[in-house]
Amino acid sequence: MNLHEFQGKEILSSFGVRTQRGIVADSAEKAVEAAKLLSEQTGTKFWVVKAQIHAGGRGKGGGVKLAKSLEEVKEKASNIIGMMLITPQTPPQGKKVNQVLIAEDVYYPGASETSEFYMSVLLNRATGKNMIMYSTEGGMDIESVAAHTPHLIFTEEIDSMLGLMPFQARKVAFNLGLSGNAFKEMVKFVTALYTAYIKADASLFEINPVLKTSDDMILAVDAKVVIDDNALFRHPDYLAMRDIREENPIEVEAKAAGLNYVNLDGNVGCMVNGAGLAMSTMDLIKQAGGEPANFLDVGGTADAERVEKAFRIILKDEKVECILVNIFGGIVRCDRVAQGVVDAYKNMGDAIKVPIILRLEGTNSKEAKELIEQTQGLNVIPATEFQEAADKVQQVLKK
Ligand code: GDP
Ligand code: MN
């Protein structure tokens with residue numbers, strides 16, 4: 001589950017990671033109130049107005065603005081709230097901004113220069129270990145640092161039994177070129193960050209930039225936090241942070257119906273039971289010259305009602321030109337799935353305008369075939385073999 005910056009920072013703070021402080025607001029008036037309150041709490045003279053959407057690169061897209069007076073806070077907040085913010089990480093039309101974070105200005109002048117670093121904590125799937133990835137090149141697009149100056153990116157792998165060792169935290173601070181108090185602060189920062197990552201059951205922390213302030217404090221200016229969905233049952237307070245306005249509406253509906261559905265860009269809808277079969281069905285569609293419009297695993301207990309629900313969800317995507325149903329009846333009975341197809345036609349009537357290529361193999365496949373053959377008015381193309389199903393998808397797409 002993805003979180004907003006302000007939520008990620010809340011989680012980091014709760015584990016003692018120092019962050020740029022802020023208050024969230026959903027109107028220009030509330031933004032001004034937030035700015036006043038923040039100044040009382042922190043003594044900040046300026047404020048940063050930051051769009052809260054589930055995407056990075058907001059600064060370059062005009063979603064992060066410094067305000068030097070309360071009038072400017074009002075003006076900038078009212079410009080940003082409600083805008084469609086376009087960044088390299090949003091869909092082309094952008095994402096609507098519903099709220100802004102009013103944050104303290106942490107780039108104030110002082111005894112030394114400020115520096116921006118990059119730091120993330122994530123799982124290295126190749127070694128099965130967590131790692132801290134960090135760089136002196138903070139505040140920039142890390143993908144281009146990786147492409148042009150990969151030697152400026154360091155990684156520190158962590159033994160899961162031992163956890164982050166003190167020498168490793170010191171190594172990070174050393175490689176970032178820090179000394180004196182900033183060095184000590186960085187050691188504390190890294191240690192708290194790793195603890196937070198483990199305790200929060202996160203699958204990604206990405207802090208870009210981590211800032212060394214002009215008075216040698218180390219803090220998180222930005223926070224991309226992803227929590228492992230499979231661990232959310234342990235964190236009801238994080239689950240309550242879910243913002244479904246940021247999610248694909250079709251996926252939200254599918255989740256509520258208990259279906260494993262991921263919306264994709266293609267033109268062939270798929271309804272499959274089992275994640276493995278769903279993956280190979282998507283390969284099959286590609287080989288047939290199509291592009292999958294979705295990943296959908298109806299699960300091992302698909303009955304007529306679930307199948308009908310799945311049809312409704314697939315058909316919400318207007319790009320779908322045909323649907324490939326590929327079910328292997330193990331525990332699932334094929335005749336129940338066939339009944340679902342028949343019911344969907346009965347109940348949805350004209351809404352199903354695209355042909356359905358239907359492959360039902362395994363338990364009760366004979367009964368399923370009979371049911372389909374006996375029912376009038378279905379736009380169904382039956383297939384027995386896997387390849388045959390692919391060929392039929394190809395034929396439909398050619399028309
Ligand atoms: P992103 O563009 O979505 O990654 O958003 P960030 O939270 O990283 O902010 C973008 C940029 O805004 C940062 O890299 C900083 O340069 C700038 N910024 C963030 N906070 C402050 C601040 O307190 N003061 C000033 N002057 N600039 C800031
Ligand atoms: Mn950032």
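As a reminder, the structure under discussion sits directly above these lines.
This write-up is about the structure you can find in this document.

What counts and how
- Residues numbered from 1 in each chain as written.
- Chains lettered and ligands numbered in written order.
- Predicted model: local features only at pLDDT ≥ 70, side-chain atom pairs only at ≥ 80, totals over all residues.
- Heavy atoms only, no water.
- Pairing = 2+ DSSP bridges.
- Helix = DSSP H or I, 4+ residues; strand = E, 2+ residues; numbered from the N terminus.
- Axes fitted to C-alpha atoms, helices over the stretch in contact; angles between N-to-C directions.
- Contact = heavy atoms within 4.5 Å.
- Core = buried A, V, L, I, M, F, W, Y, C linked by side-chain atoms within 4.5 Å.
- Buried < 20%, exposed > 50% of the residue type's maximum accessible area, 1.4 Å probe, protein only.
- Salt bridge = Lys/Arg side-chain N within 4 Å of Asp/Glu carboxyl O.

Strand pairing in a sheet relies on backbone hydrogen bonds, with the paired strands running either antiparallel or parallel. Ordered by their spatial adjacency, four strands build an open sheet running β1-β6-β2-β3, and the pairing between neighbours is antiparallel. Strands with a single pairing partner mark the edges of an open sheet, and in this sheet they are β1 (22-25) and β3 (64-67). Taken over all neighbouring pairs, the strand axes of this sheet differ in orientation by 25 degrees on average, direction set aside. The pairing of strand β2 (residues 47-51) with strand β6 (residues 100-104) spans five bridges and is antiparallel. Residue pairing across strands places V48 opposite A103, the latter belonging to β6. Here helix α3 (residues 70-80) sits on the sheet and contacts β2, β3 and β6; the angle it forms with β2, its principal contact strand, is near 5 degrees.

With that out of the way, let us pick up the nonpolar core. Ranked by size, the top nonpolar core spans 40 residues in total, and within it M119, I132, M186, F189, L193, F205 and I227 carry the most contacts. Elements supplying a minimum of two residues to this core: α1 (5-14), β7 (115-124), β8 (129-135), α5 (166-175), α6 (180-199), β10 (202-212), β11 (218-220) and β12 (224-227). In terms of residue count, the dominant contributor to this core is α6 (10 residues). In this view, M186 contacts F117, M119, A173, L176, L178, V210 and I218; residues no more than four positions away in its chain are not counted.

Bringing the pattern of salt bridges into the picture now. A full pass over the atoms with the stated rule returns 25 salt bridges. One salt bridge connects K212 with D216, and the closest N-O pair in it is separated by 2.8 Å. The partner of E253 in a salt bridge is K316, and the shortest N-O contact between them spans 2.7 Å. Taken together, the residues span a long stretch of sequence, with E253 in helix α8 (residues 249-256) and K316 in the loop between α10 (304-315) and β16 (322-329) at a distance of 63 residues.

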